[in-house]
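# Structural overview for review
Each chain is listed here by its residues.
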Amino acid sequence: MTVLGDAFSPVPAASVPGLARPEWPELTVAGQAGLAGAGAEVPFDHVARLAAMVLGMPLASVTVAGERRPAGRICRGGPDVAGQLSPVEQALCQYVIDSAAKLVIDDARLDPRAIACSRAGPAGPARVIAWAGFPVRGPDGHVVGALCVAGHLPRHWSTGDVEILETLSHVASGEVALQVALQDGAERAALARTLQESLLPPRLPSIPGLQVAARHVAGGRGADVLGDFYDVFPSVWGHWGMVVGDVCGKGVPAAKSTALARYTVRAEAHRESRPSLILDTLNRALLEWLTDDPRFLTAIYATVRPTLAGVSVQISSAGHPLALVHRADGRVQTFGRPGTLLGIFPDPELHDSQRLLRPGDSLIMYTDGVTEARHRLDRDLYGEDRLRDFIAGLGDMSAARIADAIQQSVLAFSGAEISDDTVALVLKVPGQ
C-alpha cells in the first residue's frame, strides 16, 4: 500500500505535536487486504478484509509491533507485493501506536499530520487521500499495533464509520490476546475461561423503558471453549440489536468464529436494521474467511424498536431454535420462521417476521443447549415442549428472573451435568 503522493508540501515532522520520524524496523503487516485482493489466511487478514468490505474502502491493514507480533499477511496484488508498509504508512501507524488514540483524516492533502509524514520517505505510485487508524491493544491494555483503512478519494468519516472501526479494532485486540495466551502456555481451563468471557459482553446495555437480561452456563468440563454467544447493542435509527448464536465445534477455532460472528453482526448493525440482511452479511463473512478449518453456525437476530404501544420486534433465524414470546396472559407463542444455517451456502434462506410486544410480554431467545440438555437419570431430552410449558407457568416475572428460572430449570433437570453451553436472553416489556 502506498500513501501520500508527491503533491504534498513537506514540513518537518517535529513541527506536528506527537509526530516524530523514528526508525520502525519492528512494525510488520500482520494482515492486509484490498477488495480485489487474495483470500485471507490468518485472523488479522480477515479483520482487514472485513473493514474494507463493510466501509467500502479499497485498502485496509492490521499492523503489530514488538517481539510478540503474530505472523501472517495477505498481499492484495498491488504494487507492494511484499506486503510491507511504506515509510509514510509506518509514520501514520506509529503515530496511532505512540499516541494510543485513533487518527482520522478526511483529506491527507490538507492534514498537517499527514503532510509531515510525507517527509518519512519517497512517495509511492498511488496516492491515498482518506485514512483512518485505530489502536490495537495487547492483553495488558498497552497499544501494540493499529487497524488502518485508506482510500484514494476524500471521505467524511461518519460516526457509524468510527464505531465500526473501533469495533473491529477490538476484534484484532482479542486476537492479540489469544495468541499471547497461547504463547505463554496458560492452563487450558484458565485459558478457556478467559476466552469464553472475552466472547460475551461484560454487561448488557439499558434499553429505555424495557428490561433485558441474559444468562450463560458453560458446558463440558470447563477446559474447552464452546461456541455459544449473545449480544445486545444499539443499532441504527433508534433501534437495538439482539443476537444469540451457536458455532459448530469447540476450542480455539470455535472461539475465533464466535468473535468473528459477534463483531461482524455489530459492525453491520451500525448501518442496517433488517435482521435477514445482517445475517446474510455474516454468512458472506464466514464464506470469505478462507481457512483450513471452516466453521458454520446458527444464529437468531432481532431488531427491537420501542413504541408508544410497547416494542416492535423484527426477527430472523438462521438454522437456530426459534424465539418464544410469553404473553401477559400466560400464552407462549413461537416467533419467526426457520432459516438456513450460516457459513455453508452462498444464498441462505432467511426470513423476517415482525410482532408487537405489549406491556407484560416477554421475548425469549436461547441456544439448543437448553432444549438438548439430558435428564440425569433416564437421559431424556429437556425439549421444546417442556421449555414452553415451564415458561407458561412463570407468571409476571422480570427479565432477569425469567432468565434465571430457565437456567435453574435446565440445571435441575440435568443434575448440573450439561455437555453444551446454554444461553437464555430475555427482553421484557414491563406491565403498566
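The rules we used
Residues numbered from 1 in each chain as written. Predicted model: local features only at pLDDT ≥ 70, side-chain atom pairs only at ≥ 80, totals over all residues. Heavy atoms only, no water. Helix = DSSP H or I, 4+ residues; strand = E, 2+ residues; numbered from the N terminus. Areas by Shrake-Rupley, 256 points an atom, 1.4 Å probe, with all protein chains shown as cover. Disulfide = S-S within 2.5 Å. Buried < 20%, exposed > 50% of the residue type's maximum accessible area, 1.4 Å probe, protein only. Core = buried A, V, L, I, M, F, W, Y, C linked by side-chain atoms within 4.5 Å. Contact = heavy atoms within 4.5 Å. 1 Å grid on protein atoms, 1.4 Å probe; cavity = no way out; pocket = protein on both sides within 12 Å on 5 of 7 lines; lining within 4 Å. Points joined across faces, edges and corners; volume = space filled by probe spheres on them. Nonpolar A, V, L, I, M, F, W, Y, C, P; charged D, E, K, R; others polar. Salt bridge = Lys/Arg side-chain N within 4 Å of Asp/Glu carboxyl O. Pairing = 2+ DSSP bridges. Axes fitted to C-alpha atoms, helices over the stretch in contact; angles between N-to-C directions. Parallel < 35°, antiparallel > 145°, perpendicular 65-115°, else oblique. Left-handed = near helix turned anticlockwise from the far one by under 90°. Polar contact = N/O pair within 3.5 Å; in protein donor to acceptor, adjacent residues only side chain to side chain. Patch = residues over 30% accessible without salt bridge, like charges linked within 9 Å, V, L, I, M, F, W, Y side chains within 5 Å. Expected span 1.5 Å × (residues − 1).

## What to know about the overall build of the protein chain
When you go through the protein chain residue by residue, the secondary structure sums to 10 helices and 15 strands. If you sum the accessible surface of the protein chain, you get close to 18,100 Å²; carbon and sulfur atoms cover 51% of it.

## A few points about the environment of A150
Here A150 shows up in strand β5 (residues 143-151). For the pair A150 and G133, spaced 17 residues apart in sequence, the C-alpha to C-alpha distance is 8.8 Å.

## Some details on the state of the cysteines
According to the stated counting rule, one finds 0 disulfides in the structure shown. Here C93 is not disulfide-linked; the sulfur of C148 is the nearest cysteine sulfur, at 3.3 Å. Residue C93 is classed as buried on the basis of its relative accessible area, which comes to 2%.

## Digging into the nonpolar core
Grouped together as the largest cluster of nonpolar side chains are 79 residues, with contacts concentrated most on L165, M242, L363, M365 and L427. Setting aside anything within four residues of it in sequence, one finds M242 in contact with V212, D231, V232, I300, Y301, A302, V304, M365, L425 and L427. Counting residues in hydrophobic clusters, the runner-up holds 22 residues, among them I402, A405, I418 and A424.

## Points about the layout of surface pockets
Its volume calculated, the second largest pocket comes out at about 190 Å³. Looking at the second largest pocket, the residues that line it are E163, E166, T167, H170, F233, P234, Y263, R266 and H270. Every element with two or more residues in the lining of the second largest pocket is listed here: α4 (159-184), β7 (226-234) and α6 (251-269). For the lining of the second largest pocket, the element with the highest residue contribution is α4, accounting for 4 residues. Looking at the lining of the second largest pocket, its residues break down into 3 nonpolar, 3 polar and 3 charged.

## Structural notes on the pattern of salt bridges
Counting across every chain of the model gives 13 salt bridges. Of the charged contacts, one joins R262 and D231 as a salt bridge, the two residues approaching to 2.9 Å between their closest N and O atoms. Pair noted here: R262 is in helix α6 and D231 is in strand β7, with a separation of 31 residues, a long-range link. Here D329 ties to R331 by a salt bridge, and the two come within 2.8 Å at their closest N and O atoms.

## What about the sheet that holds strand β14 (residues 362-366)?
Here 5 strands make up an open sheet; going across it, the order is β6-β15-β14-β11-β12 and the pairing antiparallel. The sheet terminates laterally at β6 (211-217) and β12 (332-335), the two strands that pair on one side only. For this sheet the average axis-to-axis angle between neighbouring strands, irrespective of direction, equals 20°. With 5 bridges connecting them, β14 and strand β15 (residues 422-428) associate as antiparallel partners. Bridged to I364 within β15 is V426. In this fold helix α10 (residues 399-414) packs onto β6, β14 and β15, with an angle of close to 20° to the strand it touches most, β6.

## Details of the packing of helix α1 (residues 43-55) against helix α7 (residues 275-288)
Running from N to C, α1 and α7 point in directions that differ by 140°, and their axes come no closer than 11 Å. Judged on the interaxial angle alone, α7 and α1 are oblique. Crossing hand, α1 versus α7: right-handed. Residues H46, R49, L50 and M53 of α1 lie in contact with α7, whose contacting residues are T281, R284, A285 and E288. Across the contact of α1 with α7, the residue classes break down as 3 nonpolar, 2 polar and 3 charged.

## Looking at the side chain of D161
Along the chain, D161 falls in helix α4. Look at D161 and you get buried, because its relative accessible area is 10%. A polar contact of 3.1 Å, which involves the side chain of D161, links it to the backbone nitrogen of S158. Here D161 is in contact with L55, R155 and H156, once residues within four sequence places are set aside.

## Thoughts on a nonpolar patch on the surface
Taken together, F296, I344 and F345 make up a surface patch of nonpolar side chains, about 260 Å² in accessible area. Counting through the fold element by element, F345 comes out in the loop between β12 and β13 (353-357). When its relative accessible area of 45% is taken as the criterion, F345 is described as partly exposed.

## Observations regarding α1
Helical geometry: 3.6 residues make up each α-helical turn, so side chains three or four residues apart lie on a common side. Helix length check: α1 (13 residues) gives 18 Å between terminal C-alpha atoms against 18 Å at 1.5 Å per residue, within 8%. In terms of residue burial, α1 counts as a mostly covered element, since 13 of its 13 residues are buried. The positive-phi residue at the C-terminal boundary of α1 is G56, with phi of around 65°.

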